[in-house]
Amino acid sequence: MDTEEAQRQLRHLTDRAEITDLLDRYLRSLDHGVLDDEWARAFHTEDVTAEMPVGTVHGRDALLDRVRQGMALFDRTVHFGTNNIIEIDGDRATVRGAQLSTHVLAGGPDDVFVSAGHTETELVRTADGWRVSATALRIVWTRGTPPRLPAEFAPAAD
């Protein structure tokens, strides 16, 4: 193997590790509840598009607001992401994976709501590292009591 090929392979492995770390830290951050502007910048591009079970939002500020609203519906959560297939093409990447999310609903007995689905994520390399530019979570199945959405939490227009 020549030096150029070794450098290409090292770059590819480093990119995969950075992308995996970003996605793992994102899911873990949802369970810790520190959802502020710094959080949003650490994971998403300014023009991110996010397709979620409660609607699609465009832009980092809109995503931050929606995630805050959504996570406020739960007292505790645990999010797992797995089976990620990462494809890298220069400064762009796509990831297809699976997500299992367990939620204890806020304000009541320990009602548990579990959802599982498939994720599709697009990332771009920025000056600050890899960031999510588009993401979609498509729920395949649920179990338990779903959260009751307040009237002011109407899904954003697709």
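Everything below is about the structure shown above.
Conventions we followed
- Residues numbered from 1 in each chain as written.
- Predicted model: local features only at pLDDT ≥ 70, side-chain atom pairs only at ≥ 80, totals over all residues.
- Heavy atoms only, no water.
- Salt bridge = Lys/Arg side-chain N within 4 Å of Asp/Glu carboxyl O.
- Helix = DSSP H or I, 4+ residues; strand = E, 2+ residues; numbered from the N terminus.
- Buried < 20%, exposed > 50% of the residue type's maximum accessible area, 1.4 Å probe, protein only.
- Pairing = 2+ DSSP bridges.
- Axes fitted to C-alpha atoms, helices over the stretch in contact; angles between N-to-C directions.
- Contact = heavy atoms within 4.5 Å.

**Topic: the pattern of salt bridges**
For step 1, the next point in the chain: Under the counting rule described, the total for this entry stands at nine salt bridges.
For step 2, the next point in the chain: Two residues, E5 and R8, come together in a salt bridge whose shortest N-O distance is 2.8 Å. In this pair, E5 and R8 are both assigned in helix α1 (residues 3–32), three residues apart and thus about one turn of the helix distant.
For step 3, the next point in the chain: E5 sits in the partly exposed class, given a relative accessible area of 27%.
For step 4, the next point in the chain: On the accessibility criterion, R8 (48% relative accessible area) is partly exposed.
For step 5, the next point in the chain: For R125, the salt bridge goes to D91, with nearest N and O atoms at 2.6 Å. With a gap of 34 residues between them, R125 in strand β5 (residues 112–126) and D91 in the loop between β3 (74–89) and β4 (92–105) connect regions that are remote in the sequence.
For step 6, the next point in the chain: Residue class for R125 comes out partly exposed when judged on its relative accessible area of 23%.
For step 7, the next point in the chain: By sharing partners, the salt bridges in this structure join R11, D15, D91 and R125 into a single network.

**Topic: the pairing of strand β2 (residues 55–58)**
For step 1, the next point in the chain: Here strand β1 (residues 44–52) runs beside β2; their pairing, made up of four bridges, is antiparallel. Following the sheet pairing, M52 is matched in β2 by G55.
For step 2, the next point in the chain: Counting the residues between successive antiparallel strands, the hairpin from β1 to β2 contains two residues.

**Some remarks on the sheet that holds β1**
For step 1, the next point in the chain: Taken in spatial order, the six strands of this open sheet run β2-β1-β6-β5-β4-β3, and their pairing is mixed. With partners counted over all chains shown, the strands left at the sheet margins are β2 and β3, one partner each. Across the sheet, the mean angle separating the axes of adjacent strands is 15° when strand polarity is ignored.
For step 2, the next point in the chain: Contacts between α1 and the sheet are confined to β1, β3, β4, β5 and β6 (129–144), with β3 contributing the most and set at about 165° to the helix.
For step 3, the next point in the chain: Seen against the sheet, helix α3 (residues 60–71) touches β1, β2 and β3 and runs at an angle of roughly 45° to β1.

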